[in-house]
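Below are the chains, spelled out letter by letter.
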Amino acid sequence: MSDVQVSGFNLFMGKAQCGTCHFAPLFNGLIPPFYALTEFEVIGTTATDDLLNPKKDPDNGRMDVRATPYYEAAFKTPTVRNAAVTGPYMHNGAFSSLEKVIDFYDKGGGAGLGLDLPRQTLSPLPLNLTDQEKKDIIAFLHALTDKI
């Protein structure tokens, strides 16, 4: 990997906090060490990628399968392997680019954008990533693309 991709990995696992849900080495929500169970997270995905005028996505998520408020707007944590070539992003396809996804997380998800999400599992605090740090994370995600 290039120095930029290594920097992106370190940010992914550290400051950007991506690795708290997308567990290495699979980079998805399968819980180590046995990888038999998966996490469901409430991140507050918006209905569109307009982060200046955010609107809550009406999808109930896992709660439609398991009727408990804990699972309201909770979604399975997918792998980020091949993410560079599998847009659009999020469960509803609301985000057209990885840049938009990173901006969403950088702002603290839906709650960080001001949406009422009392059960959001993602920290609502901004990450304060620099433009270069965002580019480095995206470069790392590109490194997770399968070679055909």
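Everything below is about the structure shown above.
The rules behind each value
- Residues numbered from 1 in each chain as written.
- Predicted model: local features only at pLDDT ≥ 70, side-chain atom pairs only at ≥ 80, totals over all residues.
- Heavy atoms only, no water.
- Helix = DSSP H or I, 4+ residues; strand = E, 2+ residues; numbered from the N terminus.
- Rg over C-alpha atoms; globule rule 2.2 N^0.38 Å.
- Buried < 20%, exposed > 50% of the residue type's maximum accessible area, 1.4 Å probe, protein only.
- Areas by Shrake-Rupley, 256 points an atom, 1.4 Å probe, with all protein chains shown as cover.
- Lys, Arg positive; Asp, Glu negative; His and termini not counted.
- Charge placed at Lys NZ, Arg CZ, Asp CG, Glu CD.
- Axes fitted to C-alpha atoms, helices over the stretch in contact; angles between N-to-C directions.
- Parallel < 35°, antiparallel > 145°, perpendicular 65-115°, else oblique.
- Contact = heavy atoms within 4.5 Å.
- Nonpolar A, V, L, I, M, F, W, Y, C, P; charged D, E, K, R; others polar.

Peer 1: Account for the overall build of the protein chain, with residues named and values stated.
Peer 2: Summing up its helical and strand segments, the protein chain has four helices and two strands in all. Scanning the protein chain from its N terminus toward the C terminus, one meets helices and strands in the order α-β-β-α-α-α. Expected size for 148 residues packed as a compact globule is a radius of gyration near 15 Å; at 15 Å, the protein chain falls within 12% of this value. Principal-axis analysis of the C-alpha atoms gives the protein chain an extent of 45 × 40 × 25 Å. Looking at the 148 residues of the protein chain, the share that counts as buried comes to 41%. Surface exposure of the protein chain reaches about 8400 Å², of which carbon and sulfur atoms provide 57%. Looking at charge distribution, the protein chain has the averaged site of its 13 positive side-chain charges lying 3 Å from that of its 17 negative ones.

Peer 1: So, the packing of helix α1 (residues 3-13) against helix α4 (residues 131-143): which residues are in play, and what are the values?
Peer 2: The interhelical angle for the contact between α1 and α4, taken along N-to-C directions, is 100°, at an axis separation of 7 Å. As summarised for this structure, α1 and α4 are arranged roughly perpendicular, according to the angle between their axes. Every residue of α4 that contacts α1 at Val-4, Gln-5, Ser-7, Gly-8, Phe-9, Leu-11 and Phe-12 is listed here: Glu-133, Asp-136, Ile-137, Ala-139, Phe-140, Leu-141 and Ala-143. Among the residues forming the contact of α1 with α4, the class breakdown is nine nonpolar, three polar and two charged.

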